[in-house]
Amino acid sequence: MPSVRPGGTDAHGPFWSEPGTLLEHVPVAVFGLDDALRVRYWGPGAQDLFGYDSRDALSRPGARLFAGPPAGGSGPDPSAGLVERALSQGYWRGRLTARHRDGTTFACGFRAFPVTGSEGHPVVMVLASRSEELDRVKTNLAFLDALFETCPVGLVMFDPDLRYVHLNQAMADMDALPIEAHLGLRTDDVVILSDGGEYQRMLRKVAADGIPVVGTLVGMRPRGRPDRDQVRSVSFFPLSGTAGSRTGVGGVMLDVTDREQAILEATAGRQRLALLDRASTRIGTTLDVDLTAQELVDAAMPDFCDGAVVEIVEWMDSPALFDPSLPLLTRRIASGTVLPPPATELVSGVETVRYPPGSVIHDMLRANRPVSAVVDEAFVARTVVIESRARLLAESGLGCVLVAPLIARGTVQGIAMFGRSAERPDFTEDDLALAGELASRAAICLDNARLYSRVQDISRTLQRALLPSAPATSPYVEVAHRYLPGSHLTEVGGDWYDVIRLPGDRIGLVVGDVMGHGVPAAAAMGRLRITTKALARHHGDPAELLTELDVCAQEFGIELATCLYIVYDPADGRARIASAGHLPPLVLRPDGSVDTIGEVLGVPLGVGGVPYGTTEIELAEDATLVLYTDGLIEARGRDIGTGLDALRAELGTAAPEPSQDLDDLAERVLANLLPGPPADDTVLVLARVHRRAAGGPPEGRAPIP
C-alpha cells in the first residue's frame, strides 16, 4: 500500500474523507531486528514506508531507518533503544523519527515485541506507520465514538440475520428498552408494527440488494412503552464487511412524531383495526363458554391492556331486569394479566364476585355502554366489598379500568373488564369505542356458546332418560355395558342397547344404531328401544320381533336404523340371533378363541319388504357374547374390516378364566381401541352366559328376583 496519500502530501485537515475504510488508508510496515541490531525480516509495507527493497534492507544495520535518539532514551542509535526496551519489557510502543532512503525524515509510530528466531536467537518484530496517518485514524475514531455516544439521533447496527448487535443510547431511549436488552433481538421483538411486514421486508431488501433507503417514515409503538405511538424517519444502509469488519445493516432513526401527527393517527387506527381483526379470528373458535371468554382476554393483552377478566352476570330473576339499588352477582370465567403479583391473584383468585350498588359496574349497566374509571381510593371503596380484595386492587399497579357490557339478544349476558397499569395513559374515547367493538363481537360468541351448552344439557338429559339406567339382571347372564358419545356438536346420537328379562329365565340382548346424530336421532332411538322392549315379551322368535319392529320404524318415519337381537336360553345354552343390517356379534370362548357369527344377515329397519331370518347357535359355559356399534371399530383412516380384526385380537388376549371381571375387560377394550375421544357414538355390551342346572341357578348365584 502506498505510503503517500493520493493527490500528494498536502494537508487535508483533521477529518480527511476518502474512498474505502479508515484501515485501508493506514500503511503498516513490518520488519524484524536481531540482537545485533541488524534487519532479519522485511515486509512489503516496510519497503513502501522506508524505500528500501529486501536486498538493500536484509542483514543491514537497523540504525539507518531512524534519525535521532529514541523518545525518552539516550545514545546515538535509536534502534538499540527500541530493541532493548522490547526485550526487557516484552512490548513497547512509542514514536520515533524515521528516515526514508531518500534522506527525508518523518514522525512514525512503532510497536515492538520479541519473538524467537529460526536459530533460537531473539528477534524483535516491529510494526510502523506514519504518525500523521495514525493521528488521522485516532481523530476519526474519537469522533465516531463521540458521535455514537452523544448523538441525539438513533444509531443502530444489525447483523446479517437482522438482529441488534450495536446501538447508541438515543436509540435505546427511543425504544424505551436498555441497550443490553436489545442485543440478539429482532425488530419485531422491540417494536410493534401494523404494516403487514413492510418494515421487515425493507430491512431484508437493504441487506440482500445493498441499496440504501433514506428518510422513510414508519409508524410504530415501542414494546417498552406500548402506549406511546411514534413516527420515525428511518434510513438504512448495507455494512460491507471490508477489512474484516462486521456485515449487516446500519441504520439512522429520528423521532418525528410531532411533525407527523397524521401518520401517527393513521397508525393508531391501523393498530385498532389489527386488534379487531385478530380478535375476530381468535374469539369464538369453539362452543365452549369458558374458552371463548379466555380468548377475549388473550386477544386484548398486551396491546390494549395489561389485565382483563370476563364475568357472566348471575341475574336474580329470569327476565333479568337491572335494578341499580341491588347488588350485582357475577361469575368470573376467564382472566389474565401481564403484571407481576399481586395482580395475578387479583384477577384469578376469585370465582363469584358481588358488586355493591354504586359500583362502576352499575354505572356501566345504567349507561348500557363502556365506561372507564381511575383506580383511586374512591373507586376501590365503592367497587370492592371484601377488604382483602380491596387491598389487592390497591397494590396491583392498575391505574385505570374500562368496563364493557356483553350484550346479546338485547340482554346483558356479562361484563368484560380491562385494566391498564399506572405507567400507561388512561383509556381514551377511542379506547372505549374499541372495547365496545370487542365486547360486542365476544358477546355473540359467548351467547352462542351458552345456548349450545343449554342444548347440550338438554340432549344429555334426553339421552340419559332414553338409555337403560339399570338393565335387567340374571343369574345366567353376567353383563358389562358401556356407552360413549361421539365428539359431535350435541354429543348425543342414535346408538342404543338393552338387556331384557324374558319368561323362562331367558334373556334378550339388543343393540342398535339409528343413523344420524343429535336430538332427532336420540328421540328415534328411544322409540325403538321402548318398542323393542314391549315386543320382546310377545315375540319369542327374534326374526318375528325385527319384522314387527321394521313396521313400527316405517310408521315412526325412521328411514334407516340397524338392530341386532339375541335371545339366550340357559336351559339348553342356545342363542337365537336376528339382525337388521347390524354388525355381526362375536363370541369369546372360554379357551380364548374368538368366533364371528357372520351368517347373521338382514336389511336395516325402515326399508321394508325384506323378511328377516333367525340363526341359532350353541354357547359353551362361560362363553361371552360381544355386541357393539360401528363407533368401536370404524375410525378415520381405518375401515371396518381392520377395526373388527383389532377387536378380535384385543378380545383374544383376555385370560380364559370365568373369574375375569367383565367390567375390566370392557374398560381395556375401549382404552386400547379408542385411545382418544370417539368420532362416533360407541356401544359395547359383553354378556357372559351360564347354563341352568337341573336344580336351579348356578352355585353362588341367586335366582332372578
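Caption draft 1: Layout of the sheet that holds strand E22 (residues 574-580). The antiparallel open sheet is built from five strands, whose spatial order is E19-E20-E21-E22-E25. Either end of the sheet is taken by a strand with one partner, and the two such strands are strand E19 (493-501) and strand E25 (615-618). Averaged over all pairs of adjacent strands, the angle between strand axes in this sheet comes to 15 degrees, irrespective of strand direction. Summarising the sheet, strand E21 (residues 561-569) and E22 pair through six bridges and their orientation is antiparallel.

Caption draft 2: Just the confidence of the model for the protein, in detail. Across the protein, the average pLDDT comes to 82, with 84% of residues at or above 70. The element-level mean pLDDT for the protein is lowest in helix H4 (residues 131-150), coming to 71, with strand E26 (residues 624-628) highest at 95. Contacts for the low-pLDDT stretch residues 1-23, under 50 throughout, to residues beyond four places or in other chains number 40 contacts.

Caption draft 3: The packing of helix H16 (residues 519-536) against helix H17 (residues 542-556), seen in detail. At a minimum axis distance of 10 Å, the contact between H16 and H17 shows a crossing angle of 145 degrees. Here H16 runs over H17; the crossing is right-handed. Here Arg 527, Leu 528, Thr 531, Thr 532, Leu 535 and Ala 536 of H16 come into contact with H17, specifically with Leu 545, Glu 548, Leu 549, Cys 552, Ala 553 and Phe 556. Residue composition of the contact of H16 with H17, grouped by class: eight nonpolar, two polar and two charged.

Caption draft 4: Structural view of the packing of helix H19 (residues 640-652) against helix H20 (residues 662-673). Interhelical geometry of H19 versus H20 gives an angle of 140 degrees and a closest axis separation of 10 Å. The angle between the axes of H19 and H20 places the two elements in the oblique class. The interaxial crossing formed by H19 with H20 has right-handed handedness. Contacts from Ala 646, Leu 647, Glu 650 and Leu 651 of H19 reach H20 at Leu 665, Arg 668, Val 669, Asn 672 and Leu 673. Residue classes in the contact of H19 with H20 are distributed as six nonpolar, one polar and two charged.

Caption draft 5: Representation of the pattern of salt bridges. Applying the stated rule across the entire model yields 24 salt bridges. The shortest N-O distance in the salt bridge between Arg 332 and Glu 311 comes to 2.6 Å. Here the residue Arg 332 occupies a position in strand E13 (residues 328-337), and Glu 311 occupies one in strand E12 (residues 307-313), the gap between them amounting to 21 residues. The pair formed by Arg 332 and Glu 311 is uniform in burial state, with each residue classed as buried. Salt-bridge contacts for Arg 529 lead to Asp 498; the nearest nitrogen and oxygen are separated by 2.7 Å. A residue pair is termed long-range when its members are at least 10 positions apart, and Arg 529 in helix H16 and Asp 498 in strand E19 qualify at 31 residues. For the residue pair Arg 529 and Asp 498, the accessibility class agrees, reading buried in each case. Among the charged side chains, a salt-bridge network with shared partners connects Asp 541, Arg 574, Arg 576, Glu 616, Glu 618 and Arg 691.

Calculation rules
Residues numbered from 1 in each chain as written. Predicted model: local features only at pLDDT ≥ 70, side-chain atom pairs only at ≥ 80, totals over all residues. Heavy atoms only, no water. Pairing = 2+ DSSP bridges. Helix = DSSP H or I, 4+ residues; strand = E, 2+ residues; numbered from the N terminus. Axes fitted to C-alpha atoms, helices over the stretch in contact; angles between N-to-C directions. pLDDT = per-residue confidence, 0-100. Contact = heavy atoms within 4.5 Å. Left-handed = near helix turned anticlockwise from the far one by under 90°. Nonpolar A, V, L, I, M, F, W, Y, C, P; charged D, E, K, R; others polar. Parallel < 35°, antiparallel > 145°, perpendicular 65-115°, else oblique. Salt bridge = Lys/Arg side-chain N within 4 Å of Asp/Glu carboxyl O. Buried < 20%, exposed > 50% of the residue type's maximum accessible area, 1.4 Å probe, protein only.

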